Amino acid sequence: MYVAKGNLAKAKEHFQISTAGGLPAPFGALAEVAEMQGDLVSAESNFAQAAQLGLDVRWELARVMAGLGKTVPARNIYEELAKENRPEAINELGLFLQREGEHRQAEKRWKQAAKLGNLDAKANLGRIVIHSNFKNRRYRHYLNDAVDARHPGIINMLGMSLAENGQLDEAQRLWEIAAAAGDENAHRNLGKLARESGDEKLALEWEKIADTPNAEETGRLLEQHSLLGKTDGEDLNREGLVVPDAPSSGKTPFWAYWVGFLLVSGLFRYFFL
């Protein structure tokens, strides 16, 4: 109840009392509160204790370890979970591979996780489409899935793509949708947009919320300054979003020359042989 109210100090106090019973769940809950407070060292210790007592918090433990820079033990846990077909772990392994420059292997992992329904993996494949300037057709259906599900990171990235092409109103609309879903980078992009429009006060407000996320404050700013007007979460999810097509190059594709060649060759045989 205290966690729901945002009173993490009180929640922590009660969870600490509960750990005296020796059951794993209070240790797991205490670890979650510590993670929310940014105390990853305490979070790691309590997740490890919960795991030792029989609670399956391997995913949470690996996540905290990765946050502390303990990439080797974190990766070992992800590998173990991946063998159990845990899609969130498979997706994380893809991120490890990407950072190591193993892009093909990363894509393979993301496709595996996406087929198991992992939305973050679909978003990672969708990012490849956006980086290709929408020319990559192979992963376009994954991008569409991530957009339809309102994945905040992919919606923010689509906004950045539109902004680069000078479509600032459309970019702002997407950043507002992503900000409403909690994306920190969307908050910062809205701050940059406000600063470029000469509204330094609004820019600082957006940046402050990005650093210390607060859904209530985000809602207030959206209500006062949104292009979408006064909307709630359901309205934002009903907003129609269209994924751009790849820009036309203006060049005749190679296959057209090849078909032309075959046609001419056929006509030549018809008339002269």
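In this text, all values refer to a predicted model and were calculated from it rather than measured experimentally. (Residues numbered from 1 in each chain as written. Predicted model: local features only at pLDDT ≥ 70, side-chain atom pairs only at ≥ 80, totals over all residues. Heavy atoms only, no water.)

Visitor: With reference to specific residues and values, describe the overall build of the protein.
Guide: Of the regular secondary structure elements, the protein holds 17 helices and zero strands. Residue pairs at least 24 apart in sequence account for 44% of intrachain contacts in the protein once pairs closer than 6 positions are excluded. As presented, the protein carries roughly 16,100 Å² of accessible surface, and 53% of it is formed by carbon and sulfur atoms. (Helix = DSSP H or I, 4+ residues; strand = E, 2+ residues; numbered from the N terminus. Contact = heavy atoms within 4.5 Å. Areas by Shrake-Rupley, 256 points an atom, 1.4 Å probe, with all protein chains shown as cover.)

Visitor: An account of the pattern of salt bridges is requested, with residue identities and associated values reported.
Guide: The full count for this structure, using the stated rule, is 19 salt bridges. Among the salt bridges present, the one from Glu 84 reaches Arg 58, with a minimum N-O distance of 2.9 Å. Of this pair, Glu 84 sits in the loop between helix 6 (71-83) and helix 7 (87-99) while Arg 58 sits in helix 5 (residues 58-67), placing them 26 residues apart in sequence. The structure contains a network of salt bridges with shared partners spanning Asp 56, Arg 58, Glu 80, Glu 84, Arg 86 and Glu 88. (Salt bridge = Lys/Arg side-chain N within 4 Å of Asp/Glu carboxyl O.)

Visitor: Can you lay out unusual backbone geometry for me, pointing to particular residues and giving the numbers?
Guide: Backbone geometry at Asn 85 places phi at a positive 65 degrees, although glycine is not the residue there. Checked against the element boundaries, Asn 85 lands in the loop between helix 6 and helix 7. Among the residues examined, Asn 85 registers a relative accessible area of 44% and is labelled partly exposed. Although it is not a glycine, Arg 150 adopts a positive phi angle of roughly 60 degrees. On the secondary structure map, Arg 150 appears in the loop between helix 10 (140-148) and helix 11 (152-164). (Buried < 20%, exposed > 50% of the residue type's maximum accessible area, 1.4 Å probe, protein only.)

Visitor: Go over helix 9 (residues 119-131) with me, naming the residues and quoting the values.
Guide: The terminal C-alpha atoms of helix 9, which comprises 13 residues, lie 18 Å apart, in line with the 18 Å expected from a rise of 1.5 Å per residue. Close packing links the buried residues of helix 9 with helix 7, helix 8 (103-115), helix 10 and helix 11. One or two steps after helix 9, the chain reaches Asn 133, where phi turns positive at roughly 60 degrees. (Expected span 1.5 Å × (residues − 1).)

Visitor: Any chance you could break down the packing of helix 4 (residues 40-52) against helix 5 for me, citing the residues and the numbers?
Guide: At a minimum axis distance of 9 Å, the contact between helix 4 and helix 5 shows a crossing angle of 150 degrees. Between helix 4 and helix 5, the angle falls in the class roughly antiparallel. Between helix 4 and helix 5 the crossing geometry is left-handed. Contacts between helix 4 and helix 5 involve Leu 40, Ala 43, Glu 44, Phe 47 and Ala 48 from the former and Glu 60, Leu 61, Arg 63, Val 64, Met 65 and Gly 67 from the latter. Grouping the constituent residues of the contact of helix 4 with helix 5 by class yields seven nonpolar, one polar and three charged. (Axes fitted to C-alpha atoms, helices over the stretch in contact; angles between N-to-C directions. Parallel < 35°, antiparallel > 145°, perpendicular 65-115°, else oblique. Left-handed = near helix turned anticlockwise from the far one by under 90°. Nonpolar A, V, L, I, M, F, W, Y, C, P; charged D, E, K, R; others polar.)

Visitor: Could you give an account of the packing of aromatic side chains, naming the residues involved and the relevant values?
Guide: Taken as a whole and judged by the stated rule, the model has three aromatic pairs. A centroid spacing of 5.4 Å and a plane angle of 50 degrees characterise the contact between Trp 59 and Tyr 78, whose relative ring orientation is tilted. In this pair, Trp 59 sits in helix 5 while Tyr 78 sits in helix 6, placing the two residues 19 residues apart along the sequence. Pair check on accessibility: Trp 59 and Tyr 78 agree, each one buried. Considering the side-chain rings of Tyr 139 and Tyr 142, the 6.3 Å spacing of their centres and the 45 degrees angle between planes classify their relative orientation as tilted. Of the residues examined, Tyr 139 reaches a relative accessible area of 1% and is grouped as buried. (Phe/Tyr/Trp six-rings, centres within 6.5 Å; stacked < 30°, edge-to-face > 60°.)

Visitor: Let's hear about the environment of Asn 124: which residues, and what values?
Guide: Within the secondary structure layout, Asn 124 lies in helix 9. Asn 124 gets classed as buried once you look at its relative accessible area, which sits at 10%. Not counting residues up to four positions away in its chain, the partners in contact with Asn 124 are Asn 91, Leu 95 and Trp 110.

Visitor: How would you sum up the side chain of Thr 218? Please name residues and give values.
Guide: Its location among the elements puts Thr 218 in helix 15 (residues 215-225). The exposure class assigned to Thr 218 is buried, which follows from its relative accessible area of 5%. Dropping the residues within four chain positions of it, Thr 218 is found in contact with Ala 179, Ala 180, His 187, Trp 206 and Ile 209.

Visitor: Residues and numbers for the confidence of the model for the protein, please.
Guide: Confidence in the prediction of the protein, expressed as mean pLDDT, is 87, and 85% of residues score 70 or more. Of all the helices and strands in the protein, helix 17 (residues 254-272) carries the lowest mean pLDDT, 47, while helix 4 carries the highest, 97. Per-residue pLDDT stays below 50 along residues 255-264; that stretch engages in one contact with residues further than four places along the chain or on separate chains. Scored below 50 in pLDDT, residues 267-273 shows one contact in the model against residues more than four places distant or in partner chains. (pLDDT = per-residue confidence, 0-100.)

Visitor: Report on the packing of helix 8 against helix 9, specifying residues and quantitative values.
Guide: The N-to-C vectors of helix 8 and helix 9 enclose an angle of 135 degrees; their axes lie 8 Å apart at closest approach. Looking at the two axes, helix 8 sits oblique to helix 9. Once helix 8 is placed against helix 9, the crossing between them reads as left-handed. Side by side, helix 8 and helix 9 meet where Glu 107, Trp 110, Lys 111, Ala 113 and Ala 114 of the first sit next to Ala 121, Lys 122, Asn 124, Leu 125 and Ile 128 of the second. Grouping the constituent residues of the contact of helix 8 with helix 9 by class yields six nonpolar, one polar and three charged.

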